[in-house]
Amino acid sequence: MSESHRPVLIAGGSLVGLSSALFLARQGVSCVLVERHEGTSVHPRAVGYYPRTMELLRGAGLEEQALKAAAGFASHRTRAGVESLAGRTLFSRTEMDEGDLGAVTPCQLLLLTQDRLEPLLRARAEQLGAELRFSTTLTSFTQDPSGVDAELRDERTGETRRLRADYLIGADGPRSMVREALGVPRAGQGVLSRHVSIAFNADMAPVLGGRRFSVVHVENEEVRGILVHDDTLREGTLIVGYDGDRGERVEDFDDERCRRLVRAAIGVPDIDIEIRSRFPWDMAESTATRYVDGRVLLAGDAAHVIPPTGGYGANTGIADAHNLAWKVAAVLAGSAGPELLETYDTERRPVGVFAAAQGALQLAIRSGRASAEDRAAARDAQVVTMGYHYPAAGSDTPIAGDPAERAAEPGTRAPHVWLRLDGAEVSTLDLFGPGFTVLGAGAGPWRAAARAAAAMTGVAVDAWEVGPDAVADTRLVETGGVFRRAYRLAAGEAVLVRPDGFVSWRSPGVPADPARALAAALRRTLFPAHA
């Protein structure tokens, strides 16, 4: 049994685990990921990623690749109810019409199945230096005040190794061994229903014709479920429910039964069907009562299980990983106190509770069970995914609002604004990460203040000053005061933006000593226990 050391061990190699490895590697943190399966997902699973998630992928250098991989799904925007694909249409409506989000984000909604996105995350994480060990299981761990001792089993050889890590991230899914080993309870409605997703191959082009669906609700005498198809029109997934209280089991879905259900959903009795895989899962609404336990941190489905209606689960989990990565990096580098990691819980857990509740509300609305109060409480997807305001410690609910109306308030996502940099168009979001960034309104003291604050704190800070064409010494140029309006800054004022793109501090006017004010803001952010 050999021993080694890594700053961070990640348990789970699905979307959130891979995102954690990617974002940590981008921060320069050496990490190792372990996943019991031999590779990335072979099942389509999650399919939709909101613009905020695309902003995170953009920052990690993956936006262009993801959009290219998703090009075939561009027309898959119709949700329909049918007796079968070949049968009568019960309803049909265009979905995921984002409207004009150009004033809010430089990114767009991504439709791409999880089995196609995960390899992109894997390749980029490895390119940046993350170590990914598939066919490797975390079998047990213990922690002490200085780190975590983990036992890992190689599933190919049976060999067991020990690894010492400063921190362990549990991104190992809704049945998380990490969470259960910690004894962390969950709150919420729990399991709402049980389902099995059947991945299959079939030539659906003749029956689909020119139609392209994002989601198809199928209901006939033989099957009731949800059908989705890919851009080749030869791969699909049928999701059906089963009732354990009536003695139904996942094992009852053998290949013969699955083929029969798929044929009934397509509506062509003699169509050739190949069953690729079955994936059992629970539709549930629950959130771990804490995300941080000493040196162990929970993310994604290990921390929150969100009903898939609304598509918030994967998006919330990837945002967890992004919030966590810069904080772990800062603590490991010694530029932040360990209490900074407690803010991962105070910030992300209320967001997880909020997203899970919103997913449950969407389920109630789509199933026709929603009350008037439920409908009034439901929020737009962009509010859920990018319009929240990180709450103060002790609050269970983030303040949610229209992201177009956010004005660079501390605790909110820094607004997107198109600017000109050396004659080229650039979004403010492209200026953020992996470190801190100061944005000042007009020529002022902030570039010098950033250099001085970095000398005082040991924390590097990028500084940009944004002005009109007439201001000769600002490289970032705004048109018509769009930046100052979006950030609500007067001349000479500035905001400090964290590595995750959230505003940390606003200058109250132009301070008498900008460098000391900026240094104090950095210390309050990185050492919250001393704020």
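To be clear, the structure that these remarks concern was listed above.
The residue numbers shown here count from 1 along each chain, following its written sequence. Selection of residues for local features in this predicted model requires a pLDDT of at least 70, selection of side-chain atom pairs for listing and counting requires 80 or more, and totals for whole chains, interfaces and linings are taken over all residues. By convention in this description, side-chain values take in all heavy atoms of the structure and omit both hydrogens and water.

Novice: Is there a simple way to explain the overall build of the protein chain in this structure?
Specialist: Only DSSP runs of H or I covering at least 4 residues are called helices, and only runs of E covering at least 2 are called strands; the numbering of each starts at the N terminus. Each helix and strand in the protein chain was counted, giving 14 helices and 27 strands. Atoms counted for the radius of gyration: C-alpha only. Globule rule: 2.2 Å times the number of residues to the power 0.38. Over its C-alpha trace the protein chain gives a radius of gyration of 24 Å, about what one expects of a compact globule, namely 24 Å for 531 residues. Expressed as a percentage of the 531 residues in the protein chain, the buried residues total 55%. The contact rule is simple, with two residues in contact once any of their heavy atoms fall within 4.5 Å. Sequence separation of at least 24 residues holds for 69% of the intrachain contacts in the protein chain that already meet a minimum separation of 6. If you sum the accessible surface of the protein chain, you get close to 22,000 Å²; carbon and sulfur atoms cover 48% of it. Charge centroids of the protein chain, computed over 59 positive and 69 negative side chains, lie 2 Å from each other. With a 1.4 Å probe rolled over the protein chains alone, any residue whose accessible area is under 20% of its type maximum counts as buried; one over 50% counts as exposed, and the rest are partly exposed. The Shrake-Rupley method, run with a 1.4 Å probe, gives the accessible areas here. Residue values count only the displayed protein chains as cover. Charge assignment in this entry is limited to Lys and Arg as positive and Asp and Glu as negative, and neither His nor the chain termini are counted. Here the site of a charge means atom NZ of a Lys, CZ of an Arg, CG of an Asp or CD of a Glu.

Novice: When you look at unusual backbone geometry in this model, what are you seeing that I'm missing?
Specialist: Trans peptide bonds make up the majority, and among non-glycine residues the majority have a negative phi. With an omega of 0°, the peptide bond between Gly 433 and Pro 434 qualifies as cis. If you check the backbone angles, Asp 422 has positive phi at about 50° while not being a glycine. Assignment of secondary structure puts Asp 422 in the loop between β21 (418-421) and β22 (424-427).

Novice: What is the right way to read the pattern of salt bridges from this model?
Specialist: Once the charged atoms of two side chains with opposite charge are near each other, the side chains can pair. One speaks of a salt bridge when a side-chain nitrogen belonging to Lys or Arg is within 4 Å of a carboxyl oxygen belonging to Asp or Glu. Using the criterion set out here, one finds 33 salt bridges in the structure. The closest approach of N and O atoms between Arg 52 and Glu 55, which form a salt bridge, is 2.7 Å. Separated by three residues within a single helix, Arg 52 and Glu 55 lie in helix α2 (residues 51-59), roughly one turn from each other. Because the salt bridges share partners, they merge into one network encompassing Lys 327, Glu 347, Arg 498 and Asp 500.

Novice: Would you mind going over the sheet that holds strand β26 (residues 494-497) with me for this structure?
Specialist: One requirement defines pairing of two strands: DSSP has to find at least two bridges between them. The sheet built from seven strands is open, its strands ordered β22-β21-β25-β24-β23-β26-β27 with mixed pairing. Two strands close off the open sheet at either side, each with one partner strand: β22 and β27 (503-506). Pairing analysis gives two bridges linking β21 to strand β25 (residues 476-477), with the strands arranged antiparallel. Bridging from a neighbouring strand, Arg 420 pairs with Val 477 of β25. Strand contacts of helix α12 (residues 446-457): β23 (436-441), β24 (461-467), β26 and β27, with the helix running at about 170° to β24, the strand carrying the most contacts. In the packing of helix α14 (residues 514-526) onto the sheet, contacts are made with β23, β24, β26 and β27, and the angle to β27 comes to roughly 145°. Note on method: axes are straight lines fitted to C-alpha atoms, helices fitted across the in-contact stretch only, with angles between N-to-C directions ranging 0 to 180 degrees.

Novice: I would appreciate a short explanation of α12 in the present structure.
Specialist: Residue pairs three or four apart in sequence face the same way in an α-helix, which turns once every 3.6 residues. Taking 1.5 Å of rise per residue, the 12 residues of α12 would be expected to cover 16 Å, and the 16 Å separating its terminal C-alpha atoms lies within 8% of that figure. Three or more residues of α12 are buried, namely Trp 446, Ala 449, Ala 450 and Ala 453. Taken end-on, α12 shows its buried residues confined to a sector of 100°, consistent with a single buried face. Structural note: α12 exposes Arg 451 and Ala 455 on the side pointing more than 90 degrees away from its buried face. The inward-facing, buried residues of α12 contact β23, β24, β26, β27 and α14. After α12 finishes, the residue Gly 458 shows a positive phi value of roughly 80°. One less than the number of residues in a helix, times 1.5 Å, gives the span that helix is expected to have. Within this analysis, the arc is defined by the directions that extend from the helix axis to the C-beta atoms.

Novice: Help me out: how do you make sense of the sheet that holds strand β18 (residues 304-305) in this one?
Specialist: Reading across from one edge, β5-β4-β12-β13-β14-β11-β15-β18 is the order of the eight strands in this open sheet, with mixed pairing throughout. The outermost strands of the open sheet, each flanked by one partner alone, are β5 (89-94) and β18. Across eight bridges, the pairing between strand β11 (residues 186-201) and strand β14 (residues 235-242) is antiparallel. Following the sheet pairing, Val 196 is matched in β14 by Val 240. Contacting β11, β12 (213-219), β14 and β15 (274-288), helix α7 (residues 255-266) crosses the sheet at an angle of about 85° to β15.

Novice: Just to check I follow, could you spell out the environment of Ala 333 for this structure?
Specialist: Along the polypeptide, Ala 333 turns up in helix α8 (residues 313-333). C-alpha of Ala 333 to C-alpha of Val 459: the two residues are 126 residues apart in sequence and 10.0 Å apart in space.

Novice: Help me understand the nonpolar core, please; the structure alone is not making it clear to me.
Specialist: Here is a general trend for soluble globular proteins: nonpolar side chains tend to be buried in one another's company. Only buried residues count toward a nonpolar core. Its members are Ala, Val, Leu, Ile, Met, Phe, Trp, Tyr and Cys residues joined through side-chain atoms within 4.5 Å. Ranked by internal contacts, the top residues of the largest apolar core, which has 106 residues, are Leu 9 and Leu 138. The element that contributes the greatest number of residues to this core is α8, accounting for 11 residues. Not counting residues within four places of it along the chain, the set of residues in contact with Leu 138 comprises Leu 9, Ala 11, Val 34, Ala 150, Glu 151, Leu 152, Leu 168, Met 177 and Val 178. Grouped together as the second largest cluster of nonpolar side chains are 29 residues, Val 82, Val 216, Leu 227 and Cys 258 included.

Novice: Honestly, the packing of α12 against α14 in this entry has me stumped. Any pointers?
Specialist: In a packed pair of helices, the relevant descriptors are the angle between the two axes and the axis-to-axis distance. Here α12 crosses α14 at 50°, and the two axes come no closer than 8 Å. For the element pair α12 / α14, the angle class is oblique. Note that α12 runs across α14; the crossing there is right-handed. Contact with α12, carried on its side by Trp 446, Ala 449, Ala 450, Ala 452, Ala 453, Met 456 and Thr 457, involves Pro 514, Ala 515, Arg 516, Leu 518, Ala 519, Leu 522 and Arg 523 of α14 and no other residues of that element. Following the grouping adopted for this structure description, the nonpolar residues are Ala, Val, Leu, Ile, Met, Phe, Trp, Tyr, Cys and Pro, the charged ones are Asp, Glu, Lys and Arg, and the polar ones are all others, Gly among them. When grouped by side-chain class, the residues that make up the contact of α12 with α14 number 11 nonpolar, one polar and two charged. By definition in this entry, angles of less than 35 degrees are roughly parallel, angles greater than 145 are roughly antiparallel, angles of 65 to 115 are roughly perpendicular, and the rest are oblique. Less than a right angle of anticlockwise turn of the near helix away from the far helix marks a crossing as left-handed, whereas a clockwise turn marks it as right-handed.

Keep in mind these values describe shape, not function.
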